[in-house]
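Chains, contacts and geometry: an overview
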Amino acid sequence: MTDNNTSITLFDDGLGQATKAASGIISPWLSKRRNKRWYHLAKDGAEFFSKLVKDSQASYDVYQRSGTIITRNDPEKLTKLFELAKQKQKSTPAMGEVLLLDQKEVKQKMPILTNPPAGIWVSGGAKIDGSAFVNHLISQAEGLGVEIIPQKIKFADNHHLRFGNQTESFDKIIVSTGAWIKQTVLPLGINLEVRPQKGQLIDLNFSKDHHFDSYPVLMPESSSDIIPFENGKLVIGATHEDDCGFDLQPTDEAKQLLLSNARHFISNLSETDISDVRVGTRAYTKDFAPFVGSLPKYNNIYVAGGLGSSGLTTGPLIGYLIAKRLSGNSEDSWSDYSKPISNYIG
Ligand SMILES: Cc1cc2nc3c(=O)[nH]c(=O)nc-3n(C[C@H](O)[C@H](O)[C@H](O)COP(=O)(O)OP(=O)(O)OC[C@H]3O[C@@H](n4cnc5c(N)ncnc54)[C@H](O)[C@@H]3O)c2cc1C
């Protein structure tokens, strides 16, 4: 596909498992994380979305730049964060407008809140419907001639992949199997140190007359995010559950926790408003940072992963950089964004 000499095949046995489960927020600028490489990646990743959305013609159902509201429980900390946000805004056009909103002003932006908190409004913040995003990208890829094979692969050696009863040879291989990447590269004798983390979200359904799609996302400190979508849907999430392995069972405990967190801001919610519970498996490294690059022993194999809880923000840019590298249009351009791969091999 893409040109006369290159054919591309995408193997995926779960068609974007974590990505599909996520209702993602793209708003990394006021994160509490102190990892500079991660921030650089997340900041550029958020900015990259304007190109991705335009080039792939993603519709409003997939990606909405409807703003985010970030809170702090301590009013003094909120004022300090606002000062920092104004500072960052000067060199970060993607943040858009930055304002400190009182409770009344937050209520005006999200009328469904019964107990609105004060917060910082960042107009460039966005939300993504993970499932619609995966479907959109797959259909775009198919349109460009990428062959999609919904099967699990196993490495036979560094050029040969087994799937079903077949084995096929590839010149270059990109491995981005999310939380499963450790198992994927083990047959090559490489131990990538990545662990799974379970994440659950609940969908609350209201009357379709609610136009939540124009609402911003509420990101309250030490609580669950409230992510409004069209057709009266509010998504509340997500949990961060270690020690659950690859378990994808929704739990009552998570449901109750997420509902009770949402009730701090919308007091009249009831369990009957829950229409769905979605579960995904995130991938974490020991320093919570993503990695990208070619494997030390096999320079035809590129790996990218450990995207953790911000992979919708960072993943597309990582994919773009690898694609550019493989099409010969750039040298490795990720050293500012992630530590060398050797840091993540045990
Ligand atoms: C509940 C939840 C909420 C989240 N919220 C946000 C958010 O607000 N903002 C944000 O930026 N990020 C968010 N994230 C994180 C983000 O969704 C993930 O980091 C990102 O989607 C990971 O993408 P990935 O392609 O690495 O993994 P995945 O989307 O999991 O894709 C990996 C795919 O590889 C497949 N696979 C595995 N092994 C093989 C094999 N051997 N052969 C073939 N295929 C294989 C899997 O089945 C899977 O489909 C959230 C995640 C979760 C779970």
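A brief structural summary. (Residues numbered from 1 in each chain as written. Predicted model: local features only at pLDDT ≥ 70, side-chain atom pairs only at ≥ 80, totals over all residues. Heavy atoms only, no water.)

**Observations concerning the site of the ligand**
- Neighbouring the ligand are 30 residues, the closest being Asp-12, Asp-13, Thr-19, Ile-25 and Thr-313.
- Backbone polar atom of Gly-311 to an oxygen atom of the ligand: 3.3 Å apart, as the coordinates give it.
- Here an oxygen atom of the ligand and a backbone polar atom of Leu-312 are 3.1 Å apart.
- The fraction of the free accessible surface of the ligand (1,000 Å²) that becomes covered by protein chains is 91%.
- Elements with a minimum of two residues in the shell around the ligand: helix H1 (17–21), strand E2 (23–26), strand E13 (195–205), strand E17 (274–284) and helix H8 (311–326).
- The residues that make up the shell around the ligand include at least three from each of domain 1 (1–64 + 128–192 + 286–346) and domain 2 (68–124 + 195–284). (Near = heavy atom within 4 Å. Polar contact = N/O pair within 3.5 Å; in protein donor to acceptor, adjacent residues only side chain to side chain. Areas by Shrake-Rupley, 256 points an atom, 1.4 Å probe, with all protein chains shown as cover. Helix = DSSP H or I, 4+ residues; strand = E, 2+ residues; numbered from the N terminus. Domains from an automatic or database assignment.)

**Side note on the pairing of E17**
- A large share of E17 lies buried, amounting to nine of its 11 residues.
- Of the strand pairs in this sheet, E13 and E17 are connected by 10 bridges, and their pairing is antiparallel. Within E17, the position partnered with Gln-200 by the bridge is Val-279. (Buried < 20%, exposed > 50% of the residue type's maximum accessible area, 1.4 Å probe, protein only. Pairing = 2+ DSSP bridges.)

**Regarding the pairing of strand E10 (residues 160–163)**
- Because side chains alternate across E10, one face comprises the buried residues Leu-161 and Phe-163, and the other comprises His-160 and Arg-162, none of which is buried.
- In the sheet, strand E9 (residues 154–155) pairs with E10 via two bridges, with the strands oriented antiparallel. The residue of E10 that forms the bridge with Phe-155 is Leu-161.
- Between E9 and the antiparallel strand that follows it, E10, lie four residues.
- Note that E10 and strand E11 (residues 166–169) share four bridges and pair antiparallel. Counterpart to His-160 in the pairing with E11 is Ser-169.
- Counting the residues in the hairpin turn of E10 and E11 gives two residues, including Gly-164, whose phi is positive at 55°.

Without other data, these values stay purely geometric and don't point to any function.
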